[in-house]
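What follows is the residue order along each chain.
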Amino acid sequence: MITNDFWLDRWQTGRIGFHQEGVNPRLIEFWPQLPKNSRVLVPLCGKSHDLIWLAEQGYQVTGVELSPLAVVQFLGDNDLSYETEQQGELKIHTITGLPLRIIEGDYFHFQEQGFDACYDRAAMIAMPESKRDLYVGHTKARLKAAPFVLLVALQHDGTPDTPPFAVDDDFILNHWGNNIKKIVSENLVETNLQYKERGYEFFEESVWHITAPSAS
């Protein structure tokens, strides 16, 4: 069963194969030019360098991360100065000199609203099927009525009950829907030997642009 303790243990034991060094090229290629100071939400952000890239584009970026260790590593690895305040069960780390905050705690306890955009590279695919509906609904409730979402999803032939979870196109179309477009899909087994070495024959990464998610 995938619980908060599962993810905390993954960080404690260094089993963070989901972490990418450097900025995700999908983000650089497919993120649109939004108005400066647009509020961007990054759920389950880990210690991703994507946060700094988004902040450097002039957006007001909020990352939410469960693991205190991931937060500490992000702040330390990037030599960031910050101020911290406690708000209920969450810790708010406000970075000095960048329009960036890291919210430390359970994403489902995070209740802020009014975000203009969301970047999800590895959040939805970290959710088991039993929590996926809840995740999408909670995320949409954080966003404005007509936001922009850049979503990276996966389909694969690997173990179905361990992350990263495969999420089929029908789920995305039915839950994120009205104005949604698949930008690209690629079977990474054909371009990266590590996936074949890990036993996959099919490991498709897809990138989606979503605007005005449905209320359902």
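Everything that follows concerns the structure shown earlier in this document.
Quick caveat: nothing in here was measured; it's all calculated off a predicted structure.

> Account for the overall build of the chain, naming residues and giving values.
Scanning the chain from terminus to terminus reveals seven helices and nine strands. Here the chain holds 216 residues, and 48% of them are scored as buried. The contacts of the chain with a sequence gap of at least 6 include a subset with a gap of at least 24, amounting to 67%. Summing over all exposed atoms, the chain offers an accessible surface of approximately 10600 Å²; the carbon and sulfur share of this is 48%.

> Tell me about helix H4 (residues 68–77), and name the residues and values.
For H4, the set of buried residues is Ala70, Val71, Phe74 and Leu75. Down the axis, H4 shows its buried residues gathered within 125 degrees of arc, on one side only. Exposed residues on H4 whose side chains face more than 90 degrees from its buried face are Val72, Gly76 and Asp77. The N-capping residue of H4, defined by a side-chain oxygen 3.2 Å from the backbone nitrogen of Leu69, is Ser67. Downstream of H4 by one or two residues, Asp79 has phi in the positive range, about 50 degrees.

> So what's going on with the pattern of salt bridges? Which residues, and what values?
Per the counting criterion, the structure on display carries seven salt bridges. Overlapping salt bridges, with partners in common, bring together Arg26, Glu186 and Glu205 in one network.

> Would you mind going over the environment of Met124 in detail, with residue names and values included?
When you line up the elements, Met124 lands in the loop between strand E6 (115–120) and helix H5 (129–142). Exposure remark for Met124: the relative accessible area of 0% places this residue in the buried category. The residues touching Met124, leaving out its near neighbours within four places in the chain, are Arg132, Tyr135, Val136, Leu151, Ala153, Val167, Phe171, Ile172 and Trp176.

Calculation notes
Residues numbered from 1 in each chain as written. Predicted model: local features only at pLDDT ≥ 70, side-chain atom pairs only at ≥ 80, totals over all residues. Heavy atoms only, no water. Helix = DSSP H or I, 4+ residues; strand = E, 2+ residues; numbered from the N terminus. Buried < 20%, exposed > 50% of the residue type's maximum accessible area, 1.4 Å probe, protein only. Contact = heavy atoms within 4.5 Å. Areas by Shrake-Rupley, 256 points an atom, 1.4 Å probe, with all protein chains shown as cover. Arc of directions from axis to C-beta. Polar contact = N/O pair within 3.5 Å; in protein donor to acceptor, adjacent residues only side chain to side chain. Salt bridge = Lys/Arg side-chain N within 4 Å of Asp/Glu carboxyl O.

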